[in-house]
Structure formats: C-alpha cells, structure tokens
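Close look at the chain arrangement
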Amino acid sequence: MWLPLSFPTALALALTSLACWGSWSNAAKAAGDLPFPLFYLDFSIGVFSTAILVFLSLGSSQFTHDGSAFAWDVPALSALCAGGVFNVANVLLVAGIGLAGLAVAFPVAIGTALVLGTTLTFFIDSGGADPSLLFAGVGVAFTAILVQVAANLSYKRDVEQGKDSPLAAATAGEVSAWLTDEQRLPNEAELCEAAPAAAHGTWYGIGVCAISGLLMACWSPLSALSMDTNRFPSGSLTPYGSSLLFTAAVFVTSPVLCKILMVYPLVGPRSTYRAYVELPPVAHVWGLLGGVVWAVGTIAYLISGDKLSLALSYAIGQAAPMVATLWGLLYYHEFRGARAPTYLLVLGMMMLYSLAVVLVAASKGADHAPPPPAPPLGHA
C-alpha cells in the first residue's frame, strides 16, 4: 500500500485534491443540456469505478491498517455514512445554486462546509497542527468566498449596464444535438412549469443551501473517524478502504436520489430512466469523466491526510472555488466585458485563497522544520 512519507508529498496530494475538486464541474458544463439526474448517474459510476481501480493497485486491496479482516463495525459504517451524507449534500448544493444563485449558495453552503467541516475534522484528526494558523487560514478562505460572491454580483451589474454577456461552453451545442425532444431542456416557460419548487422564493433556496452546507460539513469528520487508529487500533480503515466504501455509498444512493430528482426536480425538467438508457454512448462520457476527476481528488485528499492530517487537507481542498473561477476566467471567458473593479475583486479572491492555503500548510509545516543545531558542549 502506497502512502506519502513526507510533508511535501502530502501537501502535493492536497493541492491535487484542490485542483480536481475545482475542475470536475467542467464535465457538467460540457454536458450542456443533459438533465442533471442523467449526468449524475454516470458521475457516480465514474466515482466508484475509479475508487475500485485505485484500491486494487495503489491500495494493494488492503482495507484496514492492521491487516485485520473487514468487519461491519464503526469505521466501516462511518465511511459508508460519509459517502451517503456527501451525496445528498452534493445534490442539494447543485439544486441550491439553481434556486438561490451563487451569491447565496457560496457563503451559505460552501462557507458552512468550510468552517464547520474543518472544525469537526480537527477534533478528530488535528495531526498536531497549530490551530491559530489553521483557523486563520479558514477565516481567510471564508473571506475569499465573500469576495468571490462580490465579484459575481459586480459582473452581473456590468452585464446589466450593457456589457457583453459571457460565452457559453462550445460543447453545449454538440451535446444538445445528441438529445431527443423528450430529453432536451425546455424553454423558460416550460422550465417554470416543470419545476414549481423554484417559485418558492429566496428563503426556500436559502434553506436548501443551509441543509447542503450542514451535511457537507459532516462527511470529512466521518471519513476521518473511519481511519482513526487511536480510537480504533484494530479495524480502522486505510485511506483506500475508506474511499472504496465512501464511493460505494455514492454509487448505491445515486439511483434513489436521481429518481427523486427525475420525478420531483428542485430545478430543471422532469426526466426518466428510459431517457438515460436511450442516450447515445458518447453522451455518457462527460458524467463518467467528471466522476473520475472528482474521485481522484477525493482519494488524494484521504491519502494526504495520513501525513498531513485530514483537517488540513480538507481546508486546503475547500479552496477549490479558486480553481473553478480560473477555469471560468481563462477558458470559458465568463468575465468577458467585465469592468476593472470586477477584475480587481477576482484578483483579490485569488490572492485570499492562495494566502489561505499558505496559512493552512504552515500550521503543519512548522512541525516538519529541521531541528535547531545542538548547542556546543560546555567545559567542565
């Protein structure tokens, strides 16, 4: 079983997690008009398949740290609960963004997950980190979220004042061509009729985001508990064993969640499993790819926690919106036509996220500095 042996390697894995968590949504953008439940079914398949391959290769098929046989005990149940809780939270986050917009969803859902999730994980797996530096980094990251919201609102004002609208992803039209009229997203009038939940008002969207944030804050401490060798010296899971059970829970619960969203969509049109089966093979690629990217990031997070501590790795990974914004800025040109104040806000957000990562890494990095030289021996 491969595990990082040094702090720099573990930090590189945490940064890989950040990059993957901030990039998997590109697959959802590329899927264009594909209804979300259909995309998410393939996403869950990609997540679980990746975890299986990594468990059999890098993980050497080892479930527990002490080599004991797998048992349905607290560590295993914690990993399964982590996957189930995450899956519900992730679906609600997407719905919350559609209902309330990024300006509400980011501070309410992602902000709650960042602060509460890091705090709870720290109590389970602090790794000897300096709490003052760690939570200073968390505070800076939360400020970055608020600045990111301000940048989005500023750009919206720029557009309303006659600036150019952002470019759509080039692949959206290609995916749209694969879909039949039954599968295609309806127009605005049809959308309002198909998803009456969106008319419940702002408080409804805030409630969905709040529930998502609270649930999202729970999966990291549950994962940390599943691998806690201090509380469970016998039977605690390896990062690979934990990731396998975590993703298995995602895989098992996704069909149920997607069926609910097909019949009672919080946002978007109704859909069916028949529409999923009738999709051409190429239409499944984006969901599978998104699942692979997200799973690589999550496995990197769990592995890095063995050396870095899961609290630090989680806090670093929650800077993922910085990566997502970079994709939007440099690849999708989502801020085309923005004025100088908007770009300054985006720059400030990037700097704050970068500072947050540095502070979080420093909270553990101090423990790995070389010891000071021994003082010279005195004379008797």
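Below or above, wherever it landed, is the structure these notes cover. (Residues numbered from 1 in each chain as written. Predicted model: local features only at pLDDT ≥ 70, side-chain atom pairs only at ≥ 80, totals over all residues. Heavy atoms only, no water.)

**Concerning the pattern of salt bridges**
How we decide: We count a salt bridge whenever a side-chain nitrogen from Lys or Arg sits within 4 Å of a carboxyl oxygen from Asp or Glu. Buried residues are those whose accessible area, probed at 1.4 Å on protein chains only, stays under 20% of the maximum for their type, while exposed residues exceed 50% and partly exposed ones sit between those limits.
Here the structure, examined in full by the defined rule, presents two salt bridges. With a shortest N-O distance of 2.3 Å, Arg231 and Asp228 are connected by a salt bridge. We classify Arg231 as partly exposed; its relative accessible area is 46%. Residues Glu278 and Arg274 are paired through a salt bridge, measuring 2.9 Å at the closest nitrogen-oxygen approach.

**Things to note about empty space enclosed by the protein**
To keep things clear, this is the line we draw: Definitions used throughout: a 1 Å grid over protein atoms alone; a cavity as a set of points that fits a 1.4 Å probe which cannot get out; a pocket as an open set with protein on both sides within 12 Å along at least five of seven lines; a lining residue as one with an atom within 4 Å of a point. Grid points are joined across faces, edges and corners, and a volume is the space filled by probe spheres set on the points. Segments assigned H or I by DSSP are reported as helices when at least four residues long, segments assigned E as strands when at least two residues long, and all are numbered from the N terminus. Charged residues are taken to be Asp, Glu, Lys and Arg, nonpolar residues to be Ala, Val, Leu, Ile, Met, Phe, Trp, Tyr, Cys and Pro, and polar residues to be all remaining types, Gly included.
Taken as a whole and judged by the stated rule, the model has one cavity of 30 Å³ or more. For the lining of the largest cavity, the elements supplying multiple residues, two or more each, are helix 6 (131-160), helix 13 (310-317) and helix 15 (340-365). In terms of residue class, the lining of the largest cavity is built from eight nonpolar, one polar and no charged.

**Description of the nonpolar core**
Considering soluble globular proteins, one finds that nonpolar side chains tend to be buried as a cluster. Worth spelling out the cut-off: As used in this record, nonpolar core signifies buried Ala, Val, Leu, Ile, Met, Phe, Trp, Tyr and Cys residues forming a set joined through side-chain atoms within 4.5 Å. Whether two residues touch is decided by their heavy atoms; if any such pair falls within 4.5 Å, the residues are in contact.
Grouped together as the largest cluster of nonpolar side chains are 85 residues, with contacts concentrated most on Phe86, Trp219, Trp294 and Ile316. Here the element with the most residues in this core is helix 6; it accounts for ten residues. Beyond its immediate sequence surroundings of up to four residues, Ile316 is in contact with Leu11, Ala14, Leu15, Leu18, Leu308, Val357 and Val360. By size, the runner-up hydrophobic cluster in this structure holds twelve residues, among which are Leu3, Ala51, Ile299 and Ala300.

**A look at the packing of helix 1 (residues 7-21) against helix 12 (residues 285-308)**
We apply this condition: Interaxial angles span 0 to 180 degrees and are taken between N-to-C directions of axes, which are lines fitted to C-alpha atoms, for helices over the stretch in contact. Angle categories: roughly parallel below 35 degrees, roughly antiparallel above 145, roughly perpendicular from 65 to 115, and oblique for all the rest. Each crossing gets its handedness from the near helix: less than a right angle anticlockwise from the far helix is left-handed, clockwise is right-handed.
Where helix 1 meets helix 12, the axes come as close as 8 Å, and the angle between the chain directions of the two elements is 155°. The angle between helix 1 and helix 12 places the two elements in the roughly antiparallel class. Helix 1 and helix 12 meet at a crossing whose hand is left-handed. Only Val293, Trp294, Val296, Gly297, Thr298, Ala300, Tyr301, Ile303, Ser304, Lys307 and Leu308 of helix 12 make contact with helix 1, whose side of the interface consists of Phe7, Ala10, Leu11, Leu13, Ala14, Thr16, Ser17, Cys20 and Trp21. Broken down by class, the residue content of the contact of helix 1 with helix 12 amounts to 14 nonpolar, five polar and one charged.

**A few points about unusual backbone geometry**
A positive phi angle, near 55°, is found at Ser60, a position not held by glycine. Note that Ser60 resides in the loop between helix 3 (36-56) and helix 4 (74-100). In this structure, Ser309 takes a positive phi of about 95° despite not being glycine.

**Focus: the packing of helix 1 against helix 13**
Orientation of helix 1 relative to helix 13, taken along the N-to-C sense of each, is 35°, at an axis distance of 8 Å. For the element pair helix 1 and helix 13, the recorded crossing hand is right-handed. Listed contacts from helix 13 to Leu11, Ala14, Leu15, Leu18 and Trp21 of helix 1 are Ser313, Ile316 and Gly317. When its residues are assigned to classes, the contact of helix 1 with helix 13 shows six nonpolar, two polar and no charged.

**What about the packing of aromatic side chains?**
Convention followed: Ring pairs are drawn from Phe, Tyr and Trp, using the six-membered ring of Trp, whenever the two centres fall within 6.5 Å, and their geometry is named by plane angle: stacked under 30 degrees, edge-to-face over 60, tilted for the rest.
Applying the stated rule across the entire model yields 22 aromatic pairs. Ring geometry for Trp21 against Trp219: centres 6.0 Å apart, planes inclined by 75°, an arrangement best described as edge-to-face. Residue Trp21 is located in helix 1, and its partner Trp219 is located in helix 9 (residues 202-226); the two are separated by 198 residues in the primary sequence. Accessibility assignment for this pair places Trp21 and Trp219 in one class, buried. The interplanar angle of 90° and the centroid separation of 4.9 Å between the aromatic rings of Tyr331 and Tyr332 together place this pair among those described as edge-to-face. Classification of Tyr331 by relative accessible area gives exposed; the value is 55%.

**Things to note about a nonpolar patch on the surface**
Operational definition: Exposure above 30% relative accessible area and no salt bridge define the residues that can form patches, which grow by joining like charges within 9 Å and nonpolar side chains of Val, Leu, Ile, Met, Phe, Trp and Tyr within 5 Å. Reported accessibility uses the Shrake-Rupley method at a 1.4 Å probe radius. Residues are deemed covered only where the shown protein chains occlude them.
Taken together, the side chains of Ile45, Phe251, Val252 and Leu288 present a nonpolar region at the surface, about 300 Å² in accessible area. Secondary-structure assignment places Leu288 in helix 12.

**What about the side chain of Ser226?**
Our working rule: We call two N or O atoms a polar contact when they sit within 3.5 Å, provided that within protein one can donate a hydrogen and the other can accept it, with sequence-adjacent residues counted only if both atoms are side-chain atoms.
You can see Ser226 is positioned in helix 9. A polar side-chain atom of Ser226 sits 2.6 Å from the main-chain carbonyl oxygen of Ser223. Polar contacts involving the side chain of Ser226 include one to the side chain of Ser242, which spans 2.9 Å. With sequence-adjacent residues up to four places away left out, Ser226 is seen in contact with Pro75, Ser78, Ala79, Ser236, Leu237 and Ser242.

**Notes on the environment of Leu3**
Its location among the elements puts Leu3 in the segment before helix 1. According to the relative accessible area criterion, Leu3 is buried, its value standing at 17%. Residues Leu3 and Ile303 lie 300 residues apart in sequence; the distance between their C-alpha atoms is 6.5 Å. Contact partners of Leu3, with chain neighbours within four places excluded, come to Pro239, Tyr240, Ile303 and Asp306.

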